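Chain by chain, the residues run as shown.
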Amino acid sequence: MGKVEVVNGVETFNGEGFQLAMLDKVIAVARANSVWPLPFATSCCGIEYMATMGTNYDVARFGMERMSFSPRQADLLIVAGTISKKLAPILKKVYEQMAEPKWVLSVGACASSGGIFDTYSVLQGIDRVIPVDVYVPGCPPRPEQIIEGIMNIHRLVKHESLRRRYSDEYKHLLTKYNLNEDE
Amino acid sequence: MSNPITSELLLQRLQERFGEAILQHESPYDLLTVEVAPSAAHDIIKWLKEDSELALSFLTLLGAVHYPDQEGREMAVVYHLHSLVHNVRLRLKAYLPIADPSIATITDIYVGANWQERETFDFFGVNFIGHPNLVRILNEDSMDYFPMRKEYQLEDATREDKDDRFFGR
């Protein structure tokens, strides 16, 4: 009795026939190691993400084996590439269709800020239509950088409150983007 | 085969047939470029396509150019035609006033002009009279201006974080 083990950031007390741990920490680690990504890839950053999915870089190592091409079963929206203004409402709809909890990774300069395409037809960063959790800079970023972005998403998933969506800050954020469910 | 169709012969035939509707001509980079009266552009293109000798029956391109400094003739609608039989190209230009940039559609001659005219409308606001579906094709539907007109800046107007000092402007 009283033996403390730390596995994957989760502290546990192990005894004979029982194990004690904080449930929210266990759930957070379970979530972080099974983030199902929805790749919303439009251009060269999407190619880099494909390399990240492939055998050399292999995001499957991080519990991301299954690319979810349905937003309903996805946890992480990976926006990789230039988003035109015409595409913005579609991106927003995809985000709305994802179930909580959900996170957004903005890959590359275009998704993060419009990049070199400072022009009338290109959305100047996806954070104009949906909230973003982690930005990955680069034009395009290498797979290592994308993986680092995913690691940062994992850190968020492990450490933020499981009930993030009920927090005032989160509700305020969604209100800012006109994404509230009640309305 | 009879006489090979050259640019000179093409111009001569056009002038014989349409006379005053042929306003100017030049040959930059050896491409015969003819300015025609906007009201006659449709008939000229139709005749060029149907004339069995010339057979300029391929519409390579249809577009527009905005010349903001040419008062009364700011909007140029440009047609590139190609005779696949004789391998001769021709560029037709019709200048329209910016206040009313209207010209007859050529979708009744070339079905392929449909999307090109929509694109030209989308970016320049040229009104193709008689076009079956003259609505925006590439830009978002809610756009309320014609972005390729020179009075509009190319950059996204909503950005505040780009300091001109860092961009050489």
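Keep in mind that what you see is a predicted model, and the values were worked out from it rather than measured. (Residues numbered from 1 in each chain as written. Chains lettered and ligands numbered in written order. Predicted model: local features only at pLDDT ≥ 70, side-chain atom pairs only at ≥ 80, totals over all residues.)

Student: What exactly am I supposed to notice about the overall build of chain A here?
Tutor: Along its length, chain A carries 6 helices and 7 strands. Across chain A, helices and strands are ordered from the amino to the carboxyl terminus as β-β-β-α-β-α-β-α-β-α-β-α-α. Dimensions along the principal axes, computed over C-alpha positions, put chain A at roughly 65 × 45 × 25 Å. Here chain A holds 183 residues, and 32% of them are scored as buried. Contacts spanning at least 24 positions in sequence make up 74% of the contacts within chain A whose residues lie at least 6 apart. (Helix = DSSP H or I, 4+ residues; strand = E, 2+ residues; numbered from the N terminus. Buried ≥ 20, exposed ≤ 12 C-beta atoms within 10 Å, placed from the backbone. Contact = placed C-beta atoms within 7 Å.)

Student: Would you mind going over helix α2 (residues 38-50) of chain B with me for this structure?
Tutor: At 3.6 residues per turn, the α-helix brings residues three or four places apart onto the same side. Residues and elements named next belong to chain B. Compared with an ideal rise of 1.5 Å per residue, which puts 13 residues at 18 Å, α2 spans 19 Å between its outermost C-alpha atoms and is within 8% of the ideal. Considered for burial, the residues of α2 that qualify are Pro 38, Ala 41, Ile 44, Ile 45 and Leu 48. Around the axis of α2, the buried residues are gathered within 100 degrees of arc, so they sit on the same side. Away from its buried face by more than 90 degrees, α2 exposes Ser 39 and Glu 50. (Expected span 1.5 Å × (residues − 1). Arc of directions from axis to C-beta.)

Student: Is there a simple way to explain the packing of helix α2 (residues 44-53) of chain A against helix α5 (residues 143-159) of chain A in this structure?
Tutor: The axes of two packed helices give the description: the angle between them and the distance between them. Residues and elements named next belong to chain A. Contact pair α2 / α5: the axes reach a minimum separation of 9 Å and the direction vectors enclose 75 degrees. With respect to α5, the axis of α2 lies roughly perpendicular. In this structure, α2 uses Glu 48, Tyr 49, Ala 51 and Thr 52 to contact α5, whose residues at the interface are Pro 143, Ile 146 and Ile 147. Among the residues forming the contact of α2 with α5, the class breakdown is 5 nonpolar, 1 polar and 1 charged. (Axes fitted to C-alpha atoms, helices over the stretch in contact; angles between N-to-C directions. Parallel < 35°, antiparallel > 145°, perpendicular 65-115°, else oblique. Nonpolar A, V, L, I, M, F, W, Y, C, P; charged D, E, K, R; others polar.)

Student: Whenever I open this one, the interface of chain A and chain B confuses me. Can you help?
Tutor: By a widely used convention, the size of an interface equals the accessible area lost when the partners come together. Taken together, the 9 residues of chain A in the interface contact 9 residues of chain B. Tallied by class, the residues present in the side of chain A that touches chain B amount to 2 nonpolar, 4 polar and 3 charged.

Student: Would you take a moment to explain the environment of Thr 12 of chain A for this structure?
Tutor: All names here are of chain A. With respect to the helices and strands, the residue Thr 12 is situated in strand β2 (residues 10-15). Judged by the 15 C-beta atoms lying within 10 Å of it, Thr 12 falls in the partly exposed class. Separated by 74 residues in the primary sequence, Thr 12 and Lys 86 place their C-alpha atoms 50 Å from one another. The contacts of Thr 12, once residues within four sequence positions are left out, are Glu 5, Val 7, Gln 19, Leu 20 and Ala 21.

Student: Hey, could you run me through the packing of helix α1 (residues 23-32) of chain A against α5 of chain A in this one?
Tutor: Residues and elements named next belong to chain A. Between α1 and α5, the shortest axis-to-axis distance is 7 Å and the interhelical angle comes to 155 degrees. The orientation of α1 relative to α5 falls into the category roughly antiparallel. Like other packed secondary-structure pairs, α1 and α5 cross with a definite hand, here right-handed. Of α5, the residues touching α1 (which contributes Ala 28, Val 29, Arg 31 and Ala 32) are His 154, Val 157 and Lys 158. Among the residues forming the contact of α1 with α5, the class breakdown is 4 nonpolar, 1 polar and 2 charged. (Left-handed = near helix turned anticlockwise from the far one by under 90°.)

Student: Quick question: what am I supposed to make of the environment of Ala 113 of chain B here?
Tutor: Residues and elements named next belong to chain B. Looking at where Ala 113 falls in the secondary structure, it is placed in helix α3 (residues 113-124). Along the sequence, Ala 113 and Leu 61 sit 52 residues apart, while their C-alpha atoms lie 8.3 Å from each other. Excluding anything up to four places from it in sequence, Ala 113 contacts Leu 59, Leu 62, Ile 106 and Thr 107.

Student: Where do I start with the confidence of the model for chain B in this structure?
Tutor: Note that predicted coordinates carrying low pLDDT should not be read in detail. Of the residues in chain B, 96% reach a pLDDT of 70 or more, and the chain-wide mean stands at 89. Here the predicted complex carries an ipTM of 0.76, next to a pTM of 0.83. (pLDDT = per-residue confidence, 0-100.)

Student: Sorry if this is basic, but what is going on with the sheet that holds strand β7 (residues 134-136) of chain A here?
Tutor: The pairing of strands in a sheet happens through backbone hydrogen bonds and is either parallel or antiparallel. Residues and elements named next belong to chain A. The parallel open sheet is built from 4 strands, whose spatial order is β4-β5-β6-β7. Edge positions in the open sheet fall to β4 (37-41) and β7, since each of these has one partner strand only. The mean angle between the axes of side-by-side strands here comes to 15 degrees, regardless of whether they run parallel or antiparallel. The strands that α5 touches are β5 (76-80), β6 (103-107) and β7; relative to β6, the one it contacts most, it runs at about 160 degrees. (Pairing = 2+ DSSP bridges.)

Student: How should the environment of Gly 54 of chain A be read in this particular structure?
Tutor: All names here are of chain A. Checked against the element boundaries, Gly 54 lands in the loop between α2 and β5. Under the C-beta neighbour-count criterion, Gly 54 is labelled exposed, with 12 such atoms within 10 Å. Note: C-alpha distance between Gly 54 and Val 29 (25 residues apart in sequence) is 24 Å.

Student: Just checking my understanding: could you explain the sheet that holds strand β1 (residues 3-7) of chain A for this structure?
Tutor: Residues and elements named next belong to chain A. Ordered by their spatial adjacency, 3 strands build an open sheet running β1-β2-β3, and the pairing between neighbours is antiparallel. Edge positions in the sheet fall to β1 and β3 (18-21), since each of these pairs with one other strand and no more. Neighbour-to-neighbour, the strand axes of this sheet turn through a mean angle of 30 degrees, independent of strand direction.

Student: How do you make sense of the pairing of β5 of chain A when you look at a structure like this?
Tutor: For a regular strand, the rule is simple: side chains alternate between the two faces of the sheet. All names here are of chain A. For β5, the buried fraction is high: 5 of the 5 residues fall into the buried class. By the alternation rule, side chains of β5 split into Leu 76, Ile 78 and Ala 80 and Leu 77 and Val 79, which are all buried. Here 5 bridges tie β4 to β5, and the two strands are oriented parallel to one another. If you follow Ala 41 over to β5, its bridge partner there is Ala 80.

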